[in-house]
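The chain contents come next:
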Amino acid sequence: MGTRLLDQVNTLEFKQNGDDRGHLVVIEGNKDIPFALARIFYIYGSGADVVRGCHANRRSEFVLVNVNGTSKVKVTDGREEKVIVLDKPYMGVYLPKMIWKEMYDFSKDSVLLCLASEVYDSNEYIRSYSDYLKEMRVTDE
Ligand code: TYD
């Protein structure tokens, strides 16, 4: 049961260390997220009609956080899908390796922070959805 890929996609709520000066969210590897951090990148300036991602990773796990603005993440294992709305700077979504992901519906002010378990290696990306389905052994029956 718990081994289903889609079941591993979980939202995380980080502690807001808030006081009258504002908020401060801390994300430590292997503590607040389930992997050691190797890389961060962030995505901003994407138009409302843009769809990003559209790939699966053989090795990288991710946590995505909309530190400003909002976006949506659609994940699928090739059979079922799930949509997560990222609309709070203290909320993240964990994405296991080999899940197919698409990010879209970016607000104008969206800054999507991506925390990754691996440094960048373009060879671990599966960018073709039909290759992904083959690898996941999803066939038309
Ligand atoms: P891309 O994978 O298309 O972004 P996304 O899938 O998140 O929409 O990456 C855009 C460009 O940035 C592409 O030329 C590859 C490069 N890139 C790196 O050099 N290192 C990285 O860690 C990432 C995520 C992308």
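Along each chain, numbering runs from 1 in the same order as the chain's sequence is written. Only residues with pLDDT of 70 or above have their local features reported here, since the model is predicted, and side-chain atom pairs are shown and tallied only from 80 upward, although totals for entire chains, interfaces and linings are computed over all residues. Side-chain calculation: all heavy atoms of the structure are included, whereas hydrogens and water are not.

(A) Quick peek at the overall build of the protein. Helix and strand counts for the protein come out as 1 helix and 10 strands. Secondary structure elements are taken from DSSP: a helix is a run of H or I of four residues or more, a strand is a run of E of two residues or more, and numbering for both begins at the N terminus. Its helices and strands taken in sequence order, the protein reads β-β-β-β-β-β-β-β-β-β-α from the N to the C terminus. For the protein, whose C-alpha radius of gyration is 15 Å, the value lies close to the compact-globule estimate of 14 Å for 141 residues. Each of the three principal axes of the protein carries a C-alpha extent, and together these read 60 × 35 × 30 Å. The proportion of buried residues among the 141 residues of the protein is 38%. Surface accessibility follows the Shrake-Rupley procedure with a 1.4 Å probe radius. Residue values consider only the protein chains on display as shielding. Summed over its atoms, the accessible surface of the protein is roughly 8300 Å², and 49% of this surface lies on carbon and sulfur atoms. Positive and negative side-chain charges in the protein, numbering 19 and 22 respectively, have mean positions lying 2 Å apart. Radius of gyration here is computed from C-alpha atoms only, and the compact-globule reference equals 2.2 Å multiplied by the residue count raised to the power 0.38. For every residue, the accessible area obtained with a 1.4 Å probe (protein chains only) is divided by the maximum for its type, and the residue is called buried under 20%, exposed over 50%, and partly exposed between those limits. The positive count covers Lys and Arg only, the negative count covers Asp and Glu only, and His and the chain ends enter neither. Charge positions are represented by NZ for Lys, CZ for Arg, CG for Asp and CD for Glu.

(B) Spotlight on the packing of aromatic side chains. Pairing of aromatic side chains here covers Phe, Tyr and the six-membered ring of Trp, requires ring centres within 6.5 Å, and sorts the geometry by plane angle: under 30 degrees stacked, over 60 edge-to-face, intermediate tilted. All told, the structure shown has 7 aromatic pairs when counted by the stated rule. Seen in terms of ring centroids, phenylalanine 41 and phenylalanine 62 are 6.3 Å apart; in terms of plane orientation they differ by 85°. Their pairing is edge-to-face. Taken together, the residues phenylalanine 41 in strand E2 (residues 39-44) and phenylalanine 62 in strand E4 (residues 62-68) connect sequence positions 21 residues apart. One aromatic cluster is present, built from ring pairs that chain together Trp100, Tyr129 and Tyr132.

(C) Main features of the site of the ligand. Near the ligand, the surroundings consist of Arg39, Phe41, Ile43, Arg52, Gly53, His55, Tyr120, Tyr125 and Arg127. Polar contacts, as used here, are pairs of N or O atoms within 3.5 Å; protein pairs need one atom able to donate a hydrogen and one able to accept it. Residues neighboring in sequence count only if both atoms are side-chain atoms. The contact in question runs from an oxygen atom of the ligand to an N or O atom on the side chain of arginine 52, over 2.7 Å. Backbone polar atom of glycine 53 to an oxygen atom of the ligand: 3.2 Å apart, as the coordinates give it. Starting from 520 Å² of accessible surface for the ligand in isolation, the protein chains cover 58%. Under the scheme applied here, ten amino acids are nonpolar (Ala, Val, Leu, Ile, Met, Phe, Trp, Tyr, Cys and Pro), four are charged (Asp, Glu, Lys and Arg), and all others, including Gly, are polar. Among the residues forming the shell around the ligand, the class breakdown is 4 nonpolar, 2 polar and 3 charged. Proximity is defined per residue: if any heavy atom of the residue lies within 4 Å of a molecule or strand, that residue is considered near it.

(D) Representation of the nonpolar core. One finds Leu64, Val73, Val75, Leu86, Val93, Leu95 and Leu112 to be the most contacted residues of the largest nonpolar core, which totals 25 residues. Elements with a contribution of two residues or more to this core: E4, strand E5 (71-76), strand E6 (81-86), strand E7 (91-95), strand E8 (100-104), strand E9 (111-116) and strand E10 (125-126). We call two residues in contact when some of their heavy atoms are within 4.5 Å. Those residues within four positions of leucine 86 in sequence are excluded, and the remaining contacts are Leu64, Asn66, Gly69, Thr70, Ser71, Val73, Met91, Gly92, Val93 and Leu112. In this text, buried Ala, Val, Leu, Ile, Met, Phe, Trp, Tyr and Cys residues form a nonpolar core when linked through side-chain atoms within 4.5 Å. Core analysis: the second largest hydrophobic core is formed by 8 residues, Phe35, Tyr94, Leu113 and Leu115 among them.

(E) Representation of the side chain of glutamate 124 in the model. Examined against the element boundaries, glutamate 124 turns out to sit in the loop between E9 and E10. Only one rule defines a salt bridge in this text: a Lys or Arg side-chain nitrogen within 4 Å of an Asp or Glu carboxyl oxygen. It is arginine 39 that comes nearest to the buried, bridge-free glutamate 124 among opposite-charge side chains, at 4.5 Å. Residue contacts for glutamate 124: discarding those within four places in its chain leaves Arg39, Ala56, Asn57, Arg58, Arg59 and Ser60.

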